Amino acid sequence: MKIDVITLFPDFFTSPLASGLLGKALEKNIATVNLVNPRDFTLDKHHRVDDEPYGGGVGMLLKPEPIFAAVASLSCLPKREIILLTPQGSPLNQTILQDLATNYQQLVLICGHYEGVDERIRYLADREISLGDFVLTCGEIPALALMNGVIRLLPGTVGKVESLKAESFEDGLLDYPQYTRPPIFQEWEVPEILRSGNHQKIEEWRRCEQIKRTQQRRPDLWEKWLNSQQKSD
Ligand SMILES: C[S@@+](CC[C@H](N)C(=O)[O-])C[C@H]1O[C@@H](n2cnc3c(N)ncnc32)[C@H](O)[C@@H]1O
């Protein structure tokens, strides 16, 4: 997977892309990340990437020319998706991450800044994605979250494939509670069943906990899950 990030702040990515599983995946060439600064594509002597909005208003907008030029400079693989990070896009979720990890060879992530981007930049994008219903100062954080979620799903990033399947959202439910040693910590004890060695009972307990948790914490997910079960019956 090739990921191109159009960003005014390439330094932002240095540490997150070098750390943990993401860092290892990049070392192993499971994915490559190419950081492209639109400022390098400006033609004026001040290298301006932003300007005032027509019609007035607060803040500055990213100009279209440097972003279009930055995208035009990229090599293009057959299955490529250009994504604009914006609070007005589809909320990011596990299904979108799976689609991106499975069906594309190249992702181009456009990070906005300031008050946002010139509306015409939207025409570059195949889709618009939001990290959630809140506004951040920049698109770099959502881009990083998206990259992390996609690279995590690529074969070879996570050692055991089963651990990908056992996570929240994978089958529409939240994950079950997990414990490690010690068996008793302060006044909290690890449930007896998890120490019983009875794998069938453990599986049953985990499924029950997944259902309980999802019902209590995410009635929206629970509703969806119930509907999907009824359809598959
Ligand atoms: C201050 S925001 C601009 C918000 C814009 N004026 C609006 O209300 O839709 C600046 C940039 O941060 C990024 N951004 C902020 N919040 C985001 C979110 N929830 N999801 C994705 N990108 C976001 C986008 O790239 C956006 O262009």
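Here goes a summary of the coordinates provided.

A few points about the pattern of salt bridges
Point 1. The full count for this structure, using the stated rule, is 16 salt bridges.
Point 2. As a salt-bridge pair, Arg-127 and Glu-81 come within 2.8 Å of each other at their nearest N and O atoms. Highlighted residues: Arg-127 in strand β7 (residues 127-130) and Glu-81 in strand β5 (residues 80-91), separated in sequence by 46 residues. Judged on exposure class, the residue Arg-127 and its partner Glu-81 are both buried.
Point 3. Note that Asp-118 is salt-bridged to Arg-120, the shortest N-O span being 2.7 Å.
Point 4. Classification of Arg-120 by relative accessible area gives partly exposed; the value is 45%.
Point 5. Here the residues in one salt-bridge network are Glu-81, Asp-99 and Arg-127, joined through shared partners.

So, the pairing of strand β1 (residues 2-6)
Point 1. Counting buried positions along β1 yields five of five residues, so the element is predominantly enclosed.
Point 2. In this structure, β1 lies alongside strand β2 (residues 32-36), joined through five bridges in parallel fashion. Directly across from Lys-2, in β2, lies its bridge partner Thr-32.
Point 3. With five bridges connecting them, β1 and strand β6 (residues 106-111) associate as parallel partners. Its bridge partner being in β6, Lys-2 is matched across the sheet by Gln-106.

Thresholds, definitions, all that
- Residues numbered from 1 in each chain as written.
- Predicted model: local features only at pLDDT ≥ 70, side-chain atom pairs only at ≥ 80, totals over all residues.
- Heavy atoms only, no water.
- Salt bridge = Lys/Arg side-chain N within 4 Å of Asp/Glu carboxyl O.
- Helix = DSSP H or I, 4+ residues; strand = E, 2+ residues; numbered from the N terminus.
- Buried < 20%, exposed > 50% of the residue type's maximum accessible area, 1.4 Å probe, protein only.
- Pairing = 2+ DSSP bridges.

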